[in-house]
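# What the coordinates show
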Amino acid sequence: MEKLWAGRAQAATSKIADDFNSSIHIDCRMYRQDITGSLAHAAMLAAKGILSQADLAAITTGLEGILADLDSGALAIDPTAEDIHMFVEAELTKRIGDAGKRLHTARSRNDQVATDLRLYLRDACASLQGQIKALLEAIYEQAKANQDAIMPGYTHLQRAQPVCFAHHLLAWAAMLQRDVTRLQDAVARMNYSPLGCCALAGTTYDTDRAMTAAALGFDGVCQNSMDGVSDRDFCVEILSALALVMMHLSRFSEEIILWSSWEFKFVELDDGFTTGSSIMPQKKNPDMAELVRGKTGRVYGDLMGTLTMLKGLPLAYNKDMQEDKEAIFDAIDTVSQCLGVFAPMVRTMKPLKANMYAAAQKGFINATDLADYLTCKGMPFRSAYKLTGQLVAKCIAEGKVLEDVSLEEYRSLSELFDQDVYEAIDLAACVARRTSEGGTGPASVTAQLQQLETFLAKM
Ligand code: ARG
């Protein structure tokens with residue numbers, strides 16, 4: 001493709017340099033945003049008398065035709081073009097002649113690419129939020145349907161205290177809700193228009209930046225033209241929000257992998273979201289969760305790569321910044337794929353409540369409650385803690401659990417024990433008694449479900 005910037009150089013760039021320089025295979029996905037931005041820019045130029053109405057009409061028809069043809073596939077992207085901006089402008093000029101050459105008045109590719117990327121990311125973030133919503137809905141359904149399931153809660157991956165399965169799931173919902181609001185925050189800060197910043201210093205033309213900003217749905221304009229064309233902090237913010245989404249998904253994946261192992265068997269994944277082994281006939285592997293866990297590294301890499309690319313860059317635009325798009329598009333695609341498989345995997349997984357309960361019965365996870373029982377009856381907590389610890393050691397040696405200890409045996413350890421000790425260490429009662437705000441007790445779980453319902457309704 002002939003270069004729109006040909007003029008100064010005496011000789012053509014080499015093919016190797018052209019290929020290296022070209023970003024069209026990456027930025028072609030912004031063609032809609034590029035055309036939308038150009039339509040707004042042309043309308044503004046005409047409104048300000050910089051462009052004639054006839055030129056505006058030709059440009060508008062031309063750009064709309066290009067958009068329709070790209071959408072339908074009638075027009076193919078030229079892979080030899082330098083980038084999507086050059087491609088659209090050259091195609092426009094091919095179609096409408098000189099009017100096409102007037103479109104780039106009072107604009108540079110520097111403000112153009114910054115505008116296109118912000119427009120693209122605004123839509124992409126909205127779509128990712130919709131995907132997180134689908135996962136939150138799946139969690140909501142599972143939590144709501146399984147409020148009676150009791151499982152061991154863990155610390156150090158050691159059985160710690162009994163919790164309600166719904167409470168455990170709702171912890172993931174709390175994290176994912178923050179992920180949604182983090183994306184919303186990042187988009188709100190990004191949503192200012194760089195269009196009209198031009199190459200770096202603004203322009204001598206009497207443009208109306210507020211007009212293009214409003215037409216493109218921005219909340220205002222970037223107030224410093226050098227900032228507008230040269231910062232990519234919005235990419236870093238979105239990438240870090242996406243890295244956190246993946247961090248959460250990777251931890252959730254790890255639990256699903258553990259839970260579906262024979263060692264735990266707390267959940268059965270639906271056949272549609274597992275794979276078999278080519279050699280071991282008995283296998284049902286949680287590949288989806290493993291891949292999500294694995295792909296987390298990619299998104300962290302996209303974040304680190306972008307931060308490192310930006311580090312130390314002088315103002316204003318530098319070509320290094322062309323690398324921003326490959327990283328952020330990769331992160332968006334990866335997170336989107338992961339959420340796409342994760343939501344239905346969670347929605348269709350079957351909790352195996354009896355196994356959870358059986359695991360909760362082992363591991364002395366009601367030992368804290370036994371110590372609390374003695375404390376309530378007047379024993380200092382540290383003494384109660386020690387007595388319980390010694391009893392647990394004795395039970396382990398005798399191969400029994402706290403529920404198996406006879407009342408006589410309890411009373412031989414302390415006069416404070418009574419028949420009500422069995423109620424105190426009953427697992428369901430242990431869960432129900434944790435009535436503190438945000439605890440695993442039923443009222444708290446109900447409140448969390450309601451909060452999630454409200455959050456989802458507002459999304
Ligand atoms: N393809 C370029 C990018 O993505 C567009 C901006 C190029 N500007 C320039 N002055 N070379 O960053």
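Residues numbered from 1 in each chain as written. Predicted model: local features only at pLDDT ≥ 70, side-chain atom pairs only at ≥ 80, totals over all residues. Heavy atoms only, no water.

Looking up the protein in an unreviewed UniProt entry gives the name Argininosuccinate lyase, with the organism given as Allofournierella massiliensis. The record held by UniProt for the protein lists under Pathway (unreviewed entry) the comment "Amino-acid biosynthesis; L-arginine biosynthesis; L-arginine from L-ornithine and carbamoyl phosphate: step 3/3." The UniProt entry for the protein carries this comment under Subcellular location (unreviewed entry): "Cytoplasm". (UniProt positions renumbered as here; feature names shortened; annotations may be inferred.)

Attention shifts here to a nonpolar patch on the surface. There is a patch of nonpolar side chains on the surface, built from Leu200, Met226 and Leu315 and spanning about 270 Å² of accessible area. Given a relative accessible area of 32%, Met226 falls into the partly exposed group. (Patch = residues over 30% accessible without salt bridge, like charges linked within 9 Å, V, L, I, M, F, W, Y side chains within 5 Å. Areas by Shrake-Rupley, 256 points an atom, 1.4 Å probe, with all protein chains shown as cover. Salt bridge = Lys/Arg side-chain N within 4 Å of Asp/Glu carboxyl O. Buried < 20%, exposed > 50% of the residue type's maximum accessible area, 1.4 Å probe, protein only.)

Counting 85 residues, the largest nonpolar core has Leu121 and Leu249 as the members making the most contacts within it. The leading source of residues in this core is helix H11 (residues 233-259), at 15 residues. The residues contacting Leu121, other than those within four sequence positions of it, are Met190, Phe234, Cys235, Ile238, Ile328 and Ile332. By size, the runner-up hydrophobic cluster in this structure holds 23 residues, among which are Met44, Leu75, Ala81 and Ala99. (Core = buried A, V, L, I, M, F, W, Y, C linked by side-chain atoms within 4.5 Å. Helix = DSSP H or I, 4+ residues; strand = E, 2+ residues; numbered from the N terminus. Contact = heavy atoms within 4.5 Å.)

For the rest of this paragraph, the subject is helix H14 (residues 353-361). The complete set of buried residues in H14 reads Met356, Ala359 and Ala360. When H14 is viewed along its axis, its buried side chains cluster within an angular range of 100 degrees and face the same direction. For H14, the elements touching its buried residues are strand E1 (150-155), strand E2 (158-164), helix H8 (165-190), strand E4 (350-351) and helix H19 (427-432). Positive backbone phi, approximately 95 degrees, marks Gly363, located one or two places after H14. (Arc of directions from axis to C-beta.)

Pairing of E1 with E2 involves 6 bridges; the strand directions are antiparallel. Among the inter-strand pairings, Pro152 is bridged to a residue of E2, identified as Pro162. From the end of E1 to the start of E2, which pair antiparallel, there are 2 residues, and His156 there has a positive phi angle of about 60 degrees. (Pairing = 2+ DSSP bridges.)

Moving on to the UniProt feature "domain: Fumarate lyase N-terminal" (unreviewed entry) in the protein. In the numbering used here, UniProt assigns the feature "domain: Fumarate lyase N-terminal" (unreviewed entry) to residues 7-301. Taken end to end, residues 7-301 has its terminal C-alpha atoms 39 Å apart, with 62% of it in helix and 5% in strand.

Let's shift gears to the packing of helix H4 (residues 53-72) against helix H5 (residues 84-96). Where H4 contacts H5, the axes come no closer than 10 Å and their chain directions differ by 120 degrees. Viewed along their axes, H4 and H5 form a crossing whose handedness is right-handed. Residues Ala58, Ile59, Gly62, Leu63, Gly65, Ile66, Asp69 and Leu70 of H4 form the contact with H5, whose own contacting residues are Phe87, Val88, Glu91, Leu92, Arg95 and Ile96. The residue inventory of the contact of H4 with H5, partitioned by class, reads 9 nonpolar, 2 polar and 3 charged. (Axes fitted to C-alpha atoms, helices over the stretch in contact; angles between N-to-C directions. Left-handed = near helix turned anticlockwise from the far one by under 90°. Nonpolar A, V, L, I, M, F, W, Y, C, P; charged D, E, K, R; others polar.)

The subject of this paragraph is the environment of Ala134. Here Ala134 lies in helix H7 (residues 109-145). It is 47 Å that separates the C-alpha atoms of Ala134 and Val405, two residues lying 271 residues apart in sequence.

What follows deals with the UniProt feature "domain: Argininosuccinate lyase C-terminal" (unreviewed entry) in the protein. Summarizing the sequence annotation, UniProt attributes the feature "domain: Argininosuccinate lyase C-terminal" (unreviewed entry) to residues 364-432 in the numbering used throughout. Measuring from the first to the last C-alpha atom of residues 364-432 gives 17 Å, for a span that is 67% helix and 0% strand.

As enumerated under the stated definition, the model contains 29 salt bridges in all. Linking Arg32 and Asp71 is a salt bridge whose minimum nitrogen-to-oxygen distance equals 2.6 Å. Taken together, the residues span a long stretch of sequence, with Arg32 in helix H3 (residues 31-47) and Asp71 in helix H4 at a distance of 39 residues. With relative accessibility at 37%, the residue Arg32 sits in the partly exposed group. Note on Asp71: relative accessible area 40%, which makes it partly exposed. Lys400 is paired through a salt bridge with Glu409; the nearest N and O atoms lie 3.1 Å apart. With respect to burial, Lys400 and Glu409 carry one shared label: buried. One salt-bridge network, held together by shared partners, links Asp69, Glu91, Lys94 and Arg95.

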